[in-house]
Amino acid sequence: MDAPSELGDFLKSRRAALRPEDVGITPHPSRRRVTGLRREELAMLAGVSITHYTRLEQGRAVSASDSVLDAIARTLRLTEDETAHLKDLARPSASTASRPAPPRVEHASASARQLLAAMTDVPALVLDRRNDVLAWNVLGHALLAGHLPPDSPDTPNDRPNLTRMLFLDERYRALYTDWNEEAQLAVASLRLVAGRHPDDRRLAELVGQLTVQCDEFASRWARHPVRTCTSGVKRLHHPQVGAMDLSFENLVIPGTSGQRLIAYTAEPGSPSEAALRLLGSVAASEGTTASPDQDTSATARR
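Rules of the game
- Residues numbered from 1 in each chain as written.
- Predicted model: local features only at pLDDT ≥ 70, side-chain atom pairs only at ≥ 80, totals over all residues.
- Heavy atoms only, no water.
- Helix = DSSP H or I, 4+ residues; strand = E, 2+ residues; numbered from the N terminus.
- Buried < 20%, exposed > 50% of the residue type's maximum accessible area, 1.4 Å probe, protein only.
- Contact = heavy atoms within 4.5 Å.
- Areas by Shrake-Rupley, 256 points an atom, 1.4 Å probe, with all protein chains shown as cover.
- Phe/Tyr/Trp six-rings, centres within 6.5 Å; stacked < 30°, edge-to-face > 60°.
- Expected span 1.5 Å × (residues − 1).
- Core = buried A, V, L, I, M, F, W, Y, C linked by side-chain atoms within 4.5 Å.
- Salt bridge = Lys/Arg side-chain N within 4 Å of Asp/Glu carboxyl O.
- Pairing = 2+ DSSP bridges.
- Axes fitted to C-alpha atoms, helices over the stretch in contact; angles between N-to-C directions.

**Notes on the overall build of the protein chain**
Then, number 1: Along the protein chain, the regular secondary structure elements total 14 helices and five strands.
Then, number 2: Taking all 302 residues of the protein chain together, the buried fraction comes to 45%.
Then, number 3: Pairs at least 24 residues apart make up 58% of the contacts formed inside the protein chain by residues separated by at least 6 positions.
Then, number 4: As displayed, the protein chain has an accessible area near 15,300 Å², and 51% of this comes from carbon and sulfur atoms.

This is the structure:
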């Protein structure tokens, strides 16, 4: 992932999305070949030299001040996440100027694993910044990937990756009632991480694999969505216990390179809580999860 070209593509995508009428410009219909803002129009509105903006969009600017980037962000009506992404792309870390470091093999710490094991009634897992699963508890495995071996996170080269699974694993994909929304959020979150870590070789390999193997991912990635999400609700339909609406929280683990713990909970007294409790009982009785083909959703609804 080349930071200068990513910056240019991102700015072009946001220029194209903003109509002249949106910013008070009345275009001359016979002289206009583009629907979005021209470079010179954006530069004028942002109070930036057209030469400086052009160099920035072409990846030839050595540096850009906060005031310049903030002015461009305001003109393009970028969100807070998009503004942060713009600054990440415009100012890649010093480490990216040298040879990228060899990929680090991430591991969940012993204390994180102990915490997961103690959360017996809550599905939980630890992810790295690429969405590789580093560890999960019994209920987390049962909820998201009962069709995979429970020890699969322990093998670095074969670890489950939630973004890859969302696009390439039919069973995981089928969990999500609102798959399109989930896919858009996954790509937007990955874009944000990629902007912060352009020298991450494993992350680049993941993006490359998904772009080649999945047109749905490639089309979304090309639109440069950017968004972070630390909490919310997942609407799932589990093959064993049926429909569930689960709240989730992302908790960053201090002292790591972006690892986070995700935990899922159901509203007390709700059908989702009953379904989650049933899934926990099945998982505990078998030592892992029941067969993905076994449907116990009728029991959960009683």
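Having seen the model, we can carry on.
**Quick notes on the environment of Ile-72**
Then, number 1: Within the secondary structure, Ile-72 is located in helix H4 (residues 66-76).
Then, number 2: A sequence separation of 25 residues divides Ile-72 from Gly-47, and the C-alpha atoms of the two residues are 8.5 Å apart.
Then, number 3: Setting aside its immediate chain neighbours within four residues, Ile-72 contacts Leu-11, Ala-46, Val-48, Tyr-53, Leu-56 and Leu-86.

**Examining the packing of aromatic side chains**
Aromatic ring pairs: the centre-centre distance and the angle between the two ring planes describe each pair.
Then, number 1: One pass over the full model with this rule turns up four aromatic pairs.
Then, number 2: Judged by centre distance (5.3 Å) and plane angle (85 degrees), the rings of Phe-167 and Phe-217 are edge-to-face. Pair noted here: Phe-167 is in helix H8 (residues 162-168) and Phe-217 is in helix H12 (residues 215-222), with a separation of 50 residues, a long-range link.
Then, number 3: On the accessibility criterion, Phe-167 (3% relative accessible area) is buried.
Then, number 4: Classification of Phe-217 as buried rests on a relative accessible area of 0%.

**A short note on helix H10 (residues 179-196)**
Then, number 1: The terminal C-alpha atoms of H10 lie 26 Å apart, and with 18 residues this matches the ideal 26 Å at 1.5 Å per residue to within 8%.
Then, number 2: The element H10 is largely enclosed, with a buried count of 13 among its 18 residues.

**Considerations on the nonpolar core**
Then, number 1: Judged by nonpolar contacts, the single largest core of 44 residues is most densely connected at Leu-125, Phe-167 and Phe-217.
Then, number 2: For this core, the element with the highest residue contribution is H10, accounting for seven residues.
Then, number 3: Ignoring anything within four residues of it in the chain, the contact list for Phe-167 reads Arg-173, Trp-179, Ala-183, Val-187, Leu-210, Cys-214, Glu-216 and Phe-217.

**With respect to the side chain of Thr-83**
Then, number 1: For Thr-83, the location among the structural elements is in helix H5 (residues 80-90).
Then, number 2: Given a relative accessible area of 16%, Thr-83 falls into the buried group.
Then, number 3: Not counting residues up to four positions away in its chain, the partners in contact with Thr-83 are Asp-70, Ala-73 and Leu-78.

**A few points about unusual backbone geometry**
In terms of backbone geometry, most residues other than glycine have negative phi values and most peptide bonds are trans.
Then, number 1: If you check the backbone angles, Asn-131 has positive phi at about 75 degrees while not being a glycine.
Then, number 2: You can see Asn-131 is positioned in the loop between strand E1 (124-127) and strand E2 (133-136).
Then, number 3: Using a relative accessible area of 15% as the deciding quantity, one classes Asn-131 as buried.
Then, number 4: Within the chain, His-224 stands out as a residue other than glycine whose phi angle is a positive 55 degrees.
Then, number 5: Along the chain, His-224 falls in the loop between H12 and strand E3 (231-238).
Then, number 6: A relative accessible area of 4% means that His-224 is categorised as buried.

**Focus: the pattern of salt bridges**
Then, number 1: One pass over the structure, following the stated rule, counts 18 salt bridges.
Then, number 2: Between Asp-66 and Lys-87 there is a salt bridge whose closest N-O contact spans 3.9 Å. Of this pair, Asp-66 sits in helix H4 while Lys-87 sits in helix H5, and the two are 21 residues apart along the sequence.
Then, number 3: Of the residues examined, Asp-66 reaches a relative accessible area of 39% and is grouped as partly exposed.
Then, number 4: A network of salt bridges, in which partner residues are shared, links Asp-66, Asp-70, Lys-87 and Arg-91.

**Notes on the sheet that holds E2**
Working definition: the strands of a sheet are paired by backbone hydrogen bonds and lie parallel or antiparallel to each other.
Then, number 1: Judged by pairing direction, the sheet is antiparallel, and its five strands sit side by side in the order E2-E1-E5-E4-E3 without closing on themselves. In the strand order of this sheet, the two ends are held by E2 and E3, each with one partner. Averaged over all neighbouring strand pairs, the angle between strand axes comes to 30 degrees, with direction disregarded.
Then, number 2: Note: E1 against E2, three bridges, orientation antiparallel. Bridging from a neighbouring strand, Val-126 pairs with Ala-135 of E2.

**Observations regarding the environment of Val-126**
Then, number 1: Along the chain, the position of Val-126 falls in strand E1.
Then, number 2: For the pair Val-126 and Leu-116, spaced ten residues apart in sequence, the C-alpha separation works out to 8.3 Å.

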